[in-house]
Amino acid sequence: MEKLQNKIREEGVALSDSVLKVDKFLNHQIDPQLMHEMGKEFASKFEKEGITKIVTLESSGIAPAVMTGLILNVPVIFARKKKSLTLTEGLITSKVYSYTKQETNEVSVSNKFLSKEDNVLIIDDFLANGQAALALIDIVEKIEATVAGVGIVIEKAFQDGGAVLRTKGYRVESLARIQSLSDKKIEFVKEKEQ
Ligand code: G4P
Ligand code: NA
Ligand code: NA
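- If you look the protein up in an unreviewed UniProt entry, it shows as Xanthine phosphoribosyltransferase from Gracilibacillus xinjiangensis.
- The record in UniProt for the protein states the following under Catalytic activity (unreviewed entry): "XMP + diphosphate = xanthine + 5-phospho-alpha-D-ribose 1-diphosphate".
- Quoted straight from UniProt, the Subunit (unreviewed entry) entry for the protein says "Homodimer."

## With respect to the nonpolar core
Link 1 in the chain: Residues Leu-4, Ile-8, Met-38 and Ile-154 are the most contacted members of the largest nonpolar core, which totals 29 residues.
Link 2 in the chain: For this core, the secondary-structure elements that each account for two or more residues are helix H1 (2–11), helix H2 (32–46), helix H3 (62–72), strand E7 (119–127), strand E8 (146–156) and strand E9 (172–180).
Link 3 in the chain: The dominant element in this core, judged by the number of residues it contributes, is H2, at five residues.
Link 4 in the chain: The residues touching Met-38, leaving out its near neighbours within four places in the chain, are Met-1, Leu-4, Val-153 and Leu-175.
Link 5 in the chain: In terms of nonpolar packing, the next biggest core, distinct from the first, is built from 26 residues, Val-109, Ile-122, Val-147 and Tyr-170 among them.

## Here's the deal with the coordination of the sodium ion (ligand 3)
Link 1 in the chain: Taken together, the protein donors to the sodium ion (ligand 3) comprise Asp-124 (OD) and Asp-125 (OD), at separations of 2.3 to 3.1 Å.
Link 2 in the chain: Metal-to-metal, the separation of the sodium ion (ligand 3) and the sodium ion (ligand 2) is 3.4 Å; Asp-125 coordinates the two.
Link 3 in the chain: Given the relative accessible area of 7%, Asp-124 is considered buried.

## Describing the site of ligand 1
Link 1 in the chain: In the neighbourhood of ligand 1, 17 residues make up the surrounding shell, with Leu-20, Ser-59, Ser-60, Lys-81 and Ser-98 lying closest.
Link 2 in the chain: With respect to ligand 1, the side chain of Ser-59 contributes an N or O atom lying 2.6 Å from an oxygen atom.
Link 3 in the chain: Protein burial of ligand 1: of its 710 Å² of free accessible surface, 78% is covered by the chains.
Link 4 in the chain: Given that more than half its atoms are within 2 Å of the pocket grid, ligand 1 belongs to the largest pocket.
Link 5 in the chain: Along the lines of polarity and charge, the residues of the shell around ligand 1 split into five nonpolar, seven polar and five charged.

## Quick word on H2
Link 1 in the chain: In this model H2 runs 21 Å from its N-terminal to its C-terminal C-alpha over 15 residues, within 8% of the 21 Å that 1.5 Å per residue would give.
Link 2 in the chain: Inspection of H2 places Leu-34, Met-35, Met-38, Gly-39, Phe-42, Ala-43 and Phe-46 among the buried residues, and these make up the whole buried set.
Link 3 in the chain: Tucked into the core, H2 has its buried residues touching H1, H3, E7, E8 and E9.

## Remarks on the packing of H2 against H3
Link 1 in the chain: It is the contact of H2 with H3, at a shortest axis distance of 8 Å, that shows an interaxial angle of 55°. What the angle tells us is that H2 and H3 run oblique. As for how H2 packs across H3, the hand of that crossing is right-handed. On H3, the residues that touch Pro-32, Met-35, His-36, Gly-39, Lys-40, Phe-42 and Ala-43 of H2 are Ala-63, Pro-64, Met-67, Thr-68, Ile-71 and Leu-72.
Link 2 in the chain: Of the residues assigned to the contact of H2 with H3, the class counts are nine nonpolar, three polar and one charged.

## Topic: H1
Link 1 in the chain: Listed in full, the buried residues belonging to H1 are Leu-4, Gln-5, Lys-7 and Ile-8. Looking straight down H1, one finds its buried side chains confined to an arc of 160°; they lie on one side. Facing away from the buried side of H1 by more than 90 degrees, the exposed set consists of Glu-2 and Glu-10.
Link 2 in the chain: For H1, the elements touching its buried residues are strand E2 (20–21), H2, E8, E9 and strand E10 (187–188).

About the criteria used
- Residue numbers restart at each chain and count upward from 1, following the sequence in its written direction.
- Here the convention is simple: chains get letters from A, ligands get numbers from 1, in the order in which they are written.
- For a predicted model such as this one, the threshold for reporting local features is a pLDDT of at least 70, and the threshold for listing and counting side-chain atom pairs is 80 or more; totals across whole chains, interfaces and linings nevertheless cover every residue.
- Note that water and hydrogens are dropped before the side-chain values are worked out from all heavy atoms of the structure.
- UniProt positions are given in the numbering used here, feature names are shortened, and annotations may be inferred rather than shown by experiment.
- Throughout, nonpolar core names a set of buried Ala, Val, Leu, Ile, Met, Phe, Trp, Tyr and Cys residues whose side chains join them through atoms within 4.5 Å.
- Here's how the labels work: a residue is buried when its accessible area is under 20% of the maximum for its type, exposed when over 50%, partly exposed in between, all with a 1.4 Å probe on protein chains only.
- Under the DSSP-based scheme used, a helix requires at least four consecutive residues in state H or I and a strand at least two consecutive residues in state E, with every element numbered from the N terminus.
- Contact between two residues is taken to exist if any of their heavy atoms lie within 4.5 Å; hydrogens are not considered.
- Distances define the donors: N, O and S atoms within 2.8 Å of the metal qualify, as do those within 3.2 Å of Na, K or Ca. Water is excluded, so some sites may look unfinished.
- Residue proximity to a molecule or strand is established when one non-hydrogen atom of the residue lies within 4 Å of it.
- Identification of polar contacts relies on pairs of N or O atoms within 3.5 Å, with a donor-acceptor requirement for protein atoms, meaning one able to donate a hydrogen and the other able to accept it, and with residues adjacent in sequence counted only if both atoms are side-chain atoms.
- Surface accessibility in these figures is a Shrake-Rupley result with a 1.4 Å probe; residues are shielded only by whichever protein chains are displayed.
- Only protein atoms enter the 1 Å grid used here. Points where a 1.4 Å probe fits but cannot escape make up a cavity, open sets with protein on both sides within 12 Å along at least five of seven lines make up a pocket, and a residue lines them when an atom lies within 4 Å of a point.
- Throughout, a molecule is located in a cavity or pocket provided that more than half of its atoms lie within 2 Å of its grid points.
- Ten residue types, Ala, Val, Leu, Ile, Met, Phe, Trp, Tyr, Cys and Pro, are classed as nonpolar, four, Asp, Glu, Lys and Arg, as charged, and the remainder, Gly among them, as polar.
- Here the expected span of a helix is defined as 1.5 Å times the quantity of residues minus one.
- Only C-alpha atoms enter the line fits that serve as axes; for helices the fit covers just the stretch in contact. Angles between N-to-C directions range over 0 to 180 degrees.
- Each angle receives one of four descriptions, namely roughly parallel if under 35 degrees, roughly antiparallel if over 145, roughly perpendicular if within 65 to 115, and oblique otherwise.
- By convention, the crossing between two helices is left-handed when the near helix turns anticlockwise from the far helix through less than a right angle, and right-handed when the turn is clockwise.
- The directions from the helix axis to the C-beta atoms are what the arc is built from.

Now the structure itself:
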C-alpha cells in the first residue's frame, strides 16, 4: 500500500536492525485518515471471504481493526492482555511468548463474542515472530470458529512470523512488508514480491 509505505518512509524510524518506530501514526499518535485507508484496503482484500467478526489484540491493533470492521460492517473484538474486573467468566486464553521481553503472557477473549459459526479476520499492527497472531488464531480455533485470514499493517519480512503463518496455510495480507532495517535504512520488499 503506497500511502502507508510513504508514511513509513517519512515518519518511521529504524531504531535498530530489527525495530521500526512508528509512534507518529500507529503506536501512540494515530492518523485516522491513514487508518481509514488501511481499513478500506483490508476490507477489499477480504470482502469475498464472508467475514463475520474481526479479532485483534490491544492496543495498537484496535485502530486498524475498527476501521476494517466499519467498512465490512462486522463487530471487532480485541483480545485483552490483562484480566478485566467485569470480564471474568468464560474466558478463552492463549499464551504469547515475547522474544524481545523473554516472557510469556496470556491474552484472552470472552466466549460470549465468538461462536463456531464465525468466520474471523485477524488484524494486528506488526508481524514479527508471529506469536501474537498465533495466539489469536489459537483462541479462534479453540472456539471452533474459522480463521479466514490475517491482516497485518507492517510485516517485518526478515523475521519468521510471515513464513510460519503461511506455511501453516493461513492467508496473510500485509499492507507494508519491510525487507530490512539495516544501517538505519528502511527497505521494503520489492513490489513484484509484495
Ligand atoms: P517479538 O515477537 O519480536 O518478541 O515481539 P513481541 O511479541 O515482544 O512484541 C512486543 C510488542 O512490540 C508488540 O506490541 C508488537 O506488536 C510490537 N512490535 C514488534 N516488532 C515491532 C517493531 O519493529 N516496531 C514496533 N513499533 N513495534 C513492534 P505490544 O506490546 O502488543 O504493544 P501495543 O499493541 O500495545 O502497541
Ligand atoms: Na505494538
Ligand atoms: Na500489536
